[in-house]
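# A closer look at the structure
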Amino acid sequence: MDTLYSMLALALVYSTPIIIAGLGGLFSERSGVVNIALEGLMMFGGFAGATVTVLLEPTFEGGAHLGPWIGVVVGMAVGALISLIHAFLSVNLNADQVISGTGINLFAVGATVYLAQIIFNQQRTDAFKQGFSKLNVPVLSEIPFIGDVFFSRIYPTVYIAFILVIVTWFVVYKTPFGLRLRSAGENPHASDSMGINVYRIRYVGVILSGALAGLAGAIMILTQDIQYTVFGIHGTGFIALAALIFGKWKPFGVLYAGLFFGFSQIIGIYSTSIPLISGLPGEFFKIFPYAITIIALIIFSSRTVGPKAAGEPYDKGKR
Amino acid sequence: MPAKVQQPKATMSRDALWEKRMNTIVPLVAIFLGFLVGILIMLFTGRDPLDIFRALMRGTIGIDTTLIGTGSLWFNARYIGEFLVFSMPIILTGLSVAFAFRTGLFNIGAEGQLLMGSFGAVMIGVLLDLPTIIHLPLAVLTGVLFGALWGFIPGFLKAKFNVHEVVVTIMMNYIALYFANYLVKALPGSDNVKTVPVAESASLASDFLSNLTNNSRFHWGFILVIIALIIFWLIIEKTIFGFELRSAGFNKHASKYAGMKVDRNIIYSMMIAGAFAGLAGVLISIGTFDYGRVLSVNEGYGFDGIAVALVGNTSAIGSLLAGLLFGGLKAAQPLMQARGIPRDITNIIIAAIVIFVAMRAGIKQIFDRFRTKEVE
């Protein structure tokens, strides 16, 4: 039973960055800008988060462990800053959004490792001693089962994912901004004729995606790793993209898909000790999220579920 | 001798000519700006930008400028061989991405196709025992076929279900990474890192070429690269199929209306793209190395291919030149590291070049402005 609890709790930890980055992708794509740069933005966030945490360690020695918290905020800011490149290219220059995203992914690989070498004289950041620490939530952790999975020895960052899902749902469906965001991604010309500034909406969408991807990257490194390396994110940005598609571009869809993918990763780790699936090769579980996304795409293909105008540069003069 | 009849010089309009000129100007400007970004970053971080050009010089043509006149040996042919070893696969993944581009498809999956091609060649090389004349071509063709099959899947899904090839090929890259690892480990004699060496009869390695370049890993694969470049050019420029592909790339609906089988062409196009990438994998597995490898992460050949195709303006000759440029940058990496420059500056430069190519519209606007002034 203890194994099950720890598996489920670990699945939450692995799901967190997928969900948060997936929500980032949601803001961008709902505004009409495809963002395959999530991976690269997560790398920037992860690098910034780890660097800040390492550099702040002497400051907070013995005292409050504020380092990682400041780390994730900086990671968020850096993600937002880098995403400005994508916004400028996609919105102002009508660039091909896939090319722009690819460029940023390449840039992340080069820039984070280059900076690590400048700052730490090695291909990665120094190891941080104080990443996020697990905690027990008082009272709630006493609840049977639920308390064991959700509230015992758990990273506080897990709750950020859940809170962000609710906030995103509220913003996208219950606020004027959300309406504008969705309309910019569905029919930018119609929204323009209603007096909505499509360019500005798309900028906000892309910057939010950068901030959330940066946050996700920082959380991922600071909870699952001991330092940032170029392999630290290892495709999670693309899994987040998969979760966005699998979740049909909806906040709660992203949550469920993210939990599902996170759990499948955990099963992969534990697979050798689970009798029923111990015969399956570990690769099977690694392939799983990617294969299921392709299957989901085939199933969705008959219906339009994604934002209609996603990927199309908005040109005011064009009709 | 009769006077030559004055041929009417191209019926192209001035605008079309200008477009064509931009096709060369934009990549050149992007390369220039990309290097500029690299130089600025180096200056900001207190490194000598000239070192990058010294490393490039040494990494490509083997001349160490710092040693000229010192009496030490300043030329080493090994670097030329290694430079070509670095360039060949990315020229091929460049062709792969470029070929798909011509049909209006974005092949982000060259990486996965490469891995499958790599496995296909190794499988034949490890499992069979045949005379070279059959074994080697069979290994190469199997690799090419495996790449093509991996390209078939996104092509088929795009044609039949209208599933976007960008997302599918990204996912296929990861599936290929783990699937190929599983297959490699399943080959007899493999451990968790690599397979047993392929039979000599299925290897592209060459003592002759190696000796010629002072013990580099240069191998016969270069002939396959040349053949691939010619095939690319022939298909695109000289066949009706190539014309249909280009036509579909310009306007899918018009092509359909004109009676072309656009859906079928999408599948063929992705398969051919996959074949080029598969060949890149062949060169790596039975050329550069002579064994298959278990990889923990993708090595980025596919993404380099995207850069090559974009900078090379999706043509054969452009992919060759861009492949050599980026291959040179990659080859110079260890030399930079030795001089205290983080090797990743080259990745930053390549990324910056891609980002500037994406700014095509912006760069073109600036040149258009000059042009209108000129016309006035």
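Numbering of residues begins from 1 in every chain and follows the order in which that chain's sequence is written. Chain labels run from A onward and ligand labels from 1 onward, assigned in the order the entries are written. Predicted model: local features are reported for residues with pLDDT of at least 70 only, side-chain atom pairs are reported and counted for 80 or more only, and whole-chain, interface and lining totals are derived from all residues. The side-chain numbers reported here are obtained from all heavy atoms of the structure, hydrogens and water having been left aside.

Residues and elements named next belong to chain A. Residues Leu-4, Leu-140, Ile-143, Phe-145, Ile-146 and Phe-150 make up a contiguous nonpolar surface patch of about 450 Å² in total accessible area. Working definition: helices are DSSP H or I runs of at least four residues, strands are E runs of at least two. Numbering for both runs from the N terminus. Within the fold, Ile-146 resides in helix α5 (residues 146-151). Relative accessibility decides the category of a residue: with a 1.4 Å probe and only protein chains considered, values under 20% of the type maximum give buried, values over 50% give exposed, and everything between is partly exposed. Residue Ile-146 is classed as partly exposed on the basis of its relative accessible area, which comes to 42%. Each patch is built from residues that are more than 30% exposed by relative accessible area and take part in no salt bridge. Like charges join if they lie within 9 Å; nonpolar side chains (Val, Leu, Ile, Met, Phe, Trp, Tyr) join within 5 Å. All accessible-area figures derive from a Shrake-Rupley calculation using a 1.4 Å probe, and residue coverage is judged against the displayed protein chains alone. Any Lys or Arg side-chain nitrogen located within 4 Å of an Asp or Glu carboxyl oxygen qualifies as a salt bridge.

For every residue, the pLDDT score states the predictor's confidence, bounded by 0 at the bottom and 100 at the top. Looking at chain B as a whole, the pLDDT averages 89, with 95% of positions reaching at least 70. In the predicted assembly, ipTM is 0.89 and pTM is 0.91.

Let us look at the interface of chain A and chain B. Contacts between the two partners involve 41 residues from chain A and, on the opposite side, 41 residues from chain B. Summed over both partners, buried area is the accessible surface (1.4 Å probe) that two parts give up on being assembled. Both sides together, the interface formed by chain A and chain B hides about 3,700 Å², and carbon and sulfur atoms give 82% of it. Where chain A meets chain B, there are 1 salt bridge. Glu-283 of chain A serves as the salt-bridge partner of Lys-185 of chain B, at 2.9 Å between the closest nitrogen and oxygen. Counted as a polar contact is a pair of N or O atoms within 3.5 Å, where, for protein atoms, one must be capable of donating a hydrogen and the other of accepting one, and residues adjacent in sequence contribute only when both atoms are in side chains. Our count for the chain A to chain B interface comes out at 2 residue pairs in polar contact (both at pLDDT 80 or more). The contact definition used throughout considers only heavy atoms, calling two residues in contact when any of these lie within 4.5 Å.

A few words on the side chain of Ser-31 of chain A. Residues and elements named next belong to chain A. Turning to its location among the elements, Ser-31 is positioned in the loop between α1 (2-30) and α2 (38-56). From its side chain, Ser-31 meets the backbone oxygen of Ser-28 in a polar contact 2.7 Å long. Each residue touching Ser-31, except ones within four places of it in the same chain, is listed here: Leu-181, Ala-184, Gly-185, Ile-201, Arg-202 and Gly-205.

When the centres of two rings from Phe, Tyr and Trp lie within 6.5 Å, Trp using its six-membered ring, the rings pair. Their planes under 30 degrees apart give stacked, over 60 give edge-to-face, and anything left gives tilted. Scanning the model with the defined rule gives 26 aromatic pairs over all chains in all. Here Phe-47 of chain A and Tyr-228 of chain A contribute two aromatic rings whose centre-to-centre distance is 5.7 Å and whose plane-to-plane angle is 75°, an arrangement assigned as edge-to-face. Of the two residues, Phe-47 of chain A is situated in helix α2 and Tyr-228 of chain A in the loop between α9 (198-224) and α10 (236-246); the sequence distance between them amounts to 181 residues. When sorted by exposure, Phe-47 of chain A lands in the same class as Tyr-228 of chain A, which is buried. Linked through ring pairs, Phe-246, Phe-260, Phe-261 and Phe-288 of chain A together constitute an aromatic cluster. Comment: the charge-over-ring label is applied if NZ (Lys) or CZ (Arg) is within 6 Å of the ring centre and within 35 degrees of the ring normal. Across the ring face of Tyr-79 of chain B, the terminal group of Arg-78 of chain B is positioned such that the distance to the ring centre comes to 5.9 Å.

Moving on, we get to the nonpolar core. If you look at the biggest cluster of nonpolar residues, it comprises 186 residues, and the most contacted ones within it are Ile-108, Ile-286, Phe-326 and Ile-345 of chain B. If we skip the residues at most four places from it in the chain, Phe-326 of chain B touches Ile-90, Ala-307, Val-308, Val-311, Ile-350 and Ile-353 of chain B. Residues belong to a common nonpolar core when they are buried Ala, Val, Leu, Ile, Met, Phe, Trp, Tyr or Cys residues joined through side-chain atoms within 4.5 Å.

For the rest of this paragraph, the subject is the environment of Asn-35 of chain A. Residues and elements named next belong to chain A. In this structure, Asn-35 sits in the loop between α1 and α2. Under the relative-accessibility criterion, Asn-35 is labelled buried at 1%. A C-alpha to C-alpha distance of 16 Å links Asn-35 and Glu-186, two positions 151 residues apart in sequence. If we skip the residues at most four places from it in the chain, Asn-35 touches Ser-28, Glu-29, Leu-41, His-86, Ser-209 and Leu-241.

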